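Examination of the molecular architecture
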Amino acid sequence: DLELGFSELGLDSLGSVELRNKLQSGYDLKLSSTIIFDYSNISSLADYLLKIMFNEIEHDIDIDNDLNQINNLTEAEAESLLIEELKYFNF
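Residues numbered from 1 in each chain as written. Predicted model: local features only at pLDDT ≥ 70, side-chain atom pairs only at ≥ 80, totals over all residues. Heavy atoms only, no water.

Description of unusual backbone geometry
Although it is not a glycine, Asp28 sits at a positive phi angle of roughly 50°. Within the secondary structure, Asp28 is located in the loop between helix 1 (13-27) and helix 2 (35-38). (Helix = DSSP H or I, 4+ residues; strand = E, 2+ residues; numbered from the N terminus.)

Below you can see the structure in the form of structure tokens.
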């Protein structure tokens, strides 16, 4: 089922990182570390990847800006973001 979520298919956090890394290297793309959460099933991820591969949407990631934002988080903000991300894994 293409609409079934990755977490429902048994994909864990390590698996999501591995999937993202394989997509990046296999298609020579720069992808967000949260791509598997942002596009949480095969259908939505495939649609997104097709769009960026055919330049229909911007896909460049400003890593320096992302790191600056992360480094400027308070401990409470970082904890809140982590808890939100962990919800996808049914902990």
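That shown, we press on.
Some thoughts on the nonpolar core
Counting 10 residues, the largest nonpolar core is built from Phe6, Leu23, Leu29, Leu31, Ile35, Ile36, Leu45, Tyr48, Leu49 and Ile52. When residues of this core are traced back to their parent elements, those giving at least two are helix 2 and helix 3 (42-53). (Core = buried A, V, L, I, M, F, W, Y, C linked by side-chain atoms within 4.5 Å. Buried < 20%, exposed > 50% of the residue type's maximum accessible area, 1.4 Å probe, protein only.)

Concerning a nonpolar patch on the surface
Together, Tyr27, Leu50, Met53 and Phe54 make up a nonpolar patch on the protein surface, roughly 420 Å² of accessible area in all. With respect to the element layout, Leu50 can be found in helix 3. (Patch = residues over 30% accessible without salt bridge, like charges linked within 9 Å, V, L, I, M, F, W, Y side chains within 5 Å. Areas by Shrake-Rupley, 256 points an atom, 1.4 Å probe, with all protein chains shown as cover. Salt bridge = Lys/Arg side-chain N within 4 Å of Asp/Glu carboxyl O.)

Observations concerning the packing of aromatic side chains
By convention here, two paired aromatic rings are described through the distance between centres and the angle between planes. The final tally for this structure, using the stated rule, is one aromatic pair. Residues Tyr39 and Tyr48 carry aromatic rings whose centres are separated by 4.2 Å and whose planes lie at 20° to one another, so their mutual orientation is stacked. The partly exposed category is assigned to Tyr39, whose relative accessible area is 26%. Judged by relative accessible area, Tyr48 falls into the buried class, the value being 14%. (Phe/Tyr/Trp six-rings, centres within 6.5 Å; stacked < 30°, edge-to-face > 60°.)

Some points on the side chain of Ser16
Along the chain, the position of Ser16 falls in helix 1. Among the polar contacts made by the side chain of Ser16, one reaches the main-chain carbonyl oxygen of Ser13 at a distance of 2.7 Å. (Polar contact = N/O pair within 3.5 Å; in protein donor to acceptor, adjacent residues only side chain to side chain.)

Points about a negative patch on the surface
Taken together, Asp1, Glu3, Glu8 and Asp47 make up a surface patch of like negative charges. If you trace the backbone, Glu3 turns up in the segment before helix 1. You can call Glu3 exposed: its relative accessible area is 52%. (Lys, Arg positive; Asp, Glu negative; His and termini not counted. Charge placed at Lys NZ, Arg CZ, Asp CG, Glu CD.)

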